[in-house]
Amino acid sequence: MFAFGLTTLSQALLIPQQTSPGGPHRAISLLVLATTIFRAELAILLSATGLTLLLSNRIPPRQLITVVIGTLCAALVVSVPLDSYFWQKPVWPELWGFYFNAVLGSSSAWGVSPWHYYFTSAIPRTRHHASTLLVPSLSYIALYSLQPHKETRFIFYVVPPLTAAAALGADYVTSRRSKSKTYKVATLILISSVLATATASTAMLLVSSLNYPGGDALSHLQDLIARTTTTTTTTTTPDGTPPRRQSSPPTPTS
């Protein structure tokens, strides 16, 4: 979750309209922090982003190297001593995690998926400005697809930039709706797709709530506690002691 926040802020700094003179530098710093402290696989996104910035001349090579090394050292000063204390041995957790999952391939024990698993939907065409968001994100997904073990949570980091790229495409279409019928129809389709997506998401949320074993178990536990409490309340006296059994009066005999 912390890595997700850092990567989202990083991608926001790369949007051309919002980029300040130091935007790319701060974006790289945030990615280095997220990679070093929280998620080692983000090294792929970091590499793709750095290469994109270099090819687009938005950051000189020397400055890129300086930012990466400086931030890496600062992150290690935070991560290694703290994590070594909790693990009770010298360790850089993300480096060990990378070695365990990628080098040893041990993550495959949790299942493998085909290389195209992450590409479950087409990416809409967007304007040129979106390339800064699309190229690193798609490169990250493509390279990470080489890892046999796959989970959706591993690519959550690229959801915000891909959503932003889609928003740029939607803005391009809607801002031209008065120029032709094609753009007007496309705008109506976009609006309808948003409503349909919201409806489908709500329905899937309701279905998921009924198909969650943990929630079902908690519900049964709460019912059991409620029944136990009710039984205890009805079988005790106000002072907490069990009620005394009253002997029935003798039956009169003739």
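Residues numbered from 1 in each chain as written. Predicted model: local features only at pLDDT ≥ 70, side-chain atom pairs only at ≥ 80, totals over all residues. Heavy atoms only, no water.

Named according to an unreviewed UniProt entry, the protein chain is Mannosyltransferase originating from Ophiocordyceps camponoti-floridani. UniProt's Subcellular location (unreviewed entry) comment on the protein chain is quoted here verbatim: "Endoplasmic reticulum membrane". Here the protein chain is described in UniProt, under the heading Pathway (unreviewed entry), as follows: "Protein modification; protein glycosylation." (UniProt positions renumbered as here; feature names shortened; annotations may be inferred.)

Novice: For this particular structure, what's the right way to read the confidence of the model for the protein chain?
Specialist: Keep in mind that low pLDDT regions are not for reading the predicted coordinates in detail. Averaged over every residue, the pLDDT of the protein chain is 77; residues scoring 70 or more account for 78%. The lowest-confidence element of the protein chain is helix α9 (residues 213-234), averaging 74 in pLDDT; the highest-confidence one is helix α4 (residues 61-87), averaging 91. Taken together, the stretch residues 121-127 has pLDDT below 50 and engages in 12 contacts with residues farther than four places along the chain or on a different chain. (pLDDT = per-residue confidence, 0-100. Helix = DSSP H or I, 4+ residues; strand = E, 2+ residues; numbered from the N terminus. Contact = heavy atoms within 4.5 Å.)

Novice: Honestly, the packing of helix α1 (residues 2-12) against helix α2 (residues 23-38) in this entry has me stumped. Any pointers?
Specialist: Packed helices, taken two at a time, are described by the angle their axes make and the gap between the axes. Viewed as axis vectors pointing N to C, α1 and α2 meet at an angle of 165 degrees, and their least axial separation amounts to 8 Å. Taken together, the axis directions place α1 and α2 in an arrangement best described as roughly antiparallel. Crossing angle aside, the handedness with which α1 passes α2 is left-handed. Listed contacts from α2 to Phe2, Ala3, Leu6, Thr7, Leu9 and Ser10 of α1 are Ala27, Leu30, Leu31, Leu33, Ala34 and Phe38. (Axes fitted to C-alpha atoms, helices over the stretch in contact; angles between N-to-C directions. Parallel < 35°, antiparallel > 145°, perpendicular 65-115°, else oblique. Left-handed = near helix turned anticlockwise from the far one by under 90°.)

Novice: Before we go on, may I ask you to explain the pattern of salt bridges in this structure?
Specialist: Side-chain pairing between opposite charges can occur once the charged atoms of the two side chains come close. The final tally for this structure, using the stated rule, is one salt bridge. Put simply, Arg39 and Glu41 hold a salt bridge, and the shortest N to O gap is 2.7 Å. We classify Arg39 as partly exposed; its relative accessible area is 25%. (Salt bridge = Lys/Arg side-chain N within 4 Å of Asp/Glu carboxyl O. Buried < 20%, exposed > 50% of the residue type's maximum accessible area, 1.4 Å probe, protein only.)

Novice: What should I look at first to understand the side chain of Thr36 in this one?
Specialist: Mapped onto the fold, Thr36 is located in helix α2. One polar contact links the side chain of Thr36 to the main-chain carbonyl oxygen of Val32, over a distance of 2.8 Å. Residues within four places of Thr36 in sequence aside, it is in contact with Leu72, Ala75, Leu76, Ser79, Trp92 and Glu94. (Polar contact = N/O pair within 3.5 Å; in protein donor to acceptor, adjacent residues only side chain to side chain.)

Novice: What is the right way to look at the packing of aromatic side chains in this model?
Specialist: Here a ring pair, both rings aromatic, is described through the centre-centre distance and the interplanar angle of the planes. This structure, assessed with the given rule, holds two aromatic pairs. On the numbers, 5.5 Å between centres and 20 degrees between planes, the contact of Phe2 with Phe38 is stacked. With Phe2 in helix α1 and Phe38 in helix α2, this residue pair connects regions lying 36 residues apart in the sequence. For Phe2, a relative accessible area of 63% translates into the label exposed. (Phe/Tyr/Trp six-rings, centres within 6.5 Å; stacked < 30°, edge-to-face > 60°.)

Novice: Even after reading the chapter, I still don't get the packing of α1 against helix α3 (residues 42-55), so can you show me in this structure?
Specialist: In the contact formed by α1 and α3, the axes pass within 12 Å of each other and the chain directions differ by 10 degrees. Comparing their axes, α3 and α1 come out roughly parallel. Along the contact surface, α1 presents Ala3, Thr7 and Gln11, while α3 presents Leu42, Leu45 and Thr49. The residue makeup of the contact of α1 with α3, split by class, is three nonpolar, three polar and no charged. (Nonpolar A, V, L, I, M, F, W, Y, C, P; charged D, E, K, R; others polar.)

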